[in-house]
Amino acid sequence: MNYAIDPQAIYQLINSDAIFIDIRDQFQFDKLHIKNFIHVSYHDFMNFISTIDKNKSIYMICYSGGLAKKLTYQLRNLGYKAYYFEGGFQAFLNPPSKIYF
């Protein structure tokens, strides 16, 4: 099953009651991030996620999409409603839009 979300779907999702997690490094997050996303480092991720209600949808982003995809499948195996943005953060930069940031 595919849990990839098209970046264009963010318009419908961003104001929902879901949890939006950016797992890029702190420097990248501080430089530019998408509204309503929180930063959780990859190293702290599993400790953080254990505090999240499994009934909430979780949307993740990393730089290129690969790491978020890997974590999505790990979380799915643990019973979470996890998804990742196809193409990662770089998909939002081509072309860049102030709507996201």
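Overview of the structure. Residue numbers here run from 1 along each chain, matching the order of that chain's written sequence. A pLDDT threshold of at least 70 governs which residues receive local features in this predicted model, and a stricter bar of 80 or more applies before side-chain atom pairs are shown or counted, although totals over entire chains, interfaces and linings include all residues. With hydrogens and water stripped out, all remaining heavy atoms of the structure feed into the side-chain values.

**So, the packing of aromatic side chains**
Aromatic rings from Phe, Tyr and Trp, with only the six-membered ring used for Trp, were paired whenever their centres fell within 6.5 Å, and each pair was classed as stacked if the ring planes differed by under 30 degrees, edge-to-face if by over 60, and tilted otherwise. Counting across every chain of the model gives eight aromatic pairs. Seen in terms of ring centroids, Phe-20 and Phe-37 are 5.3 Å apart; in terms of plane orientation they differ by 55°. Their pairing is tilted. Residue Phe-20 is located in strand β2 (residues 19-22), and its partner Phe-37 is located in the loop between α2 (26-31) and β3 (38-39); the two are separated by 17 residues in the primary sequence. Ring centres of Phe-85 and Phe-92 lie 5.7 Å apart, and the angle between their planes is 70°; on these two criteria the pair is classed as edge-to-face. When a residue's accessible area, from a 1.4 Å probe over protein chains only, is under 20% of the maximum for its type it is buried; when over 50% it is exposed; and in between it is partly exposed. Judged by relative accessible area, Phe-92 falls into the buried class, the value being 1%. By way of ring pairs, the aromatic residues Tyr-3, Phe-20, Phe-37, Tyr-59, Tyr-73, Tyr-83, Phe-85 and Phe-92 are connected into one cluster. Charge over a ring is defined by NZ of Lys or CZ of Arg lying within 6 Å of the ring centre and within 35 degrees of the ring normal. Just above the ring of Phe-89 sits the side chain of Arg-24; from NZ or CZ to the centre is 3.7 Å. One residue, Arg-76, lies across the ring of Tyr-83, its end atom 4.6 Å from the ring centre. Helix and strand definitions here come from DSSP, where helices need a minimum of 4 consecutive H or I residues and strands a minimum of 2 consecutive E residues; each element is numbered from the N-terminal end.

**Side note on the nonpolar core**
Definition used in this section: a nonpolar core is a set of buried Ala, Val, Leu, Ile, Met, Phe, Trp, Tyr and Cys residues joined via side-chain atoms within 4.5 Å. Counting 16 residues, the largest nonpolar core has Ile-21, Ile-23, Phe-45, Ile-49, Ile-58, Met-60 and Leu-75 as its most contacted members. Elements supplying a minimum of two residues to this core: β2, α3 (45-49), β4 (57-61), α4 (66-77) and β5 (81-85). When checking whether two residues touch, look at their non-hydrogen atoms; a contact exists if any pair is within 4.5 Å. When residues no more than four places from it in sequence are discounted, the contact partners of Ile-58 are Ile-19, Ile-21, Ile-49, Ile-52, Tyr-80, Lys-81, Ala-82 and Tyr-83. Membership of the second largest hydrophobic core comes to 13 residues, among which are Ile-10, Ala-18, Phe-20 and Phe-89.

**Quick look at the pairing of β4**
With four of five residues buried, β4 is to be regarded as a mostly interior element. Two strands qualify as a pair provided DSSP detects at least 2 bridges between them. Judged from the four bridges that link them, β2 and β4 form a sheet pairing that is parallel. The partner of Phe-20 across the bridge, within β4, is Tyr-59. For β4 and β5, the ladder comprises four bridges, and the chain directions are parallel. When the bridges of β5 are listed, Ser-57 appears paired with Lys-81. Handedness is read with the strands pointing away from the viewer; a crossover is right-handed when the path from the first strand over the helix to the second is clockwise. One crossover worth recording links β4 to the parallel β5 by way of α4, and it is right-handed.

**Brief notes about α4**
Structural remark: α-helix, 3.6 residues per turn; residues separated by three or four positions point the same way. Every helix has an expected span of 1.5 Å times one less than the residues it contains. With twelve residues, α4 extends 17 Å between its outermost C-alpha atoms, agreeing within 8% with the 16 Å of an ideal straight helix rising 1.5 Å per residue. Along α4, the residues classified as buried are Ala-68, Leu-71, Thr-72 and Leu-75. Burial along α4 is one-sided: seen end-on, the buried residues are contained in an arc of 110°. Packing partners of the buried residues in α4 comprise α3, β4 and β5. Just past α4, the residue Gly-79 takes up positive phi, approximately 95°. Along the arc lie the directions from the helix axis toward the C-beta atoms.

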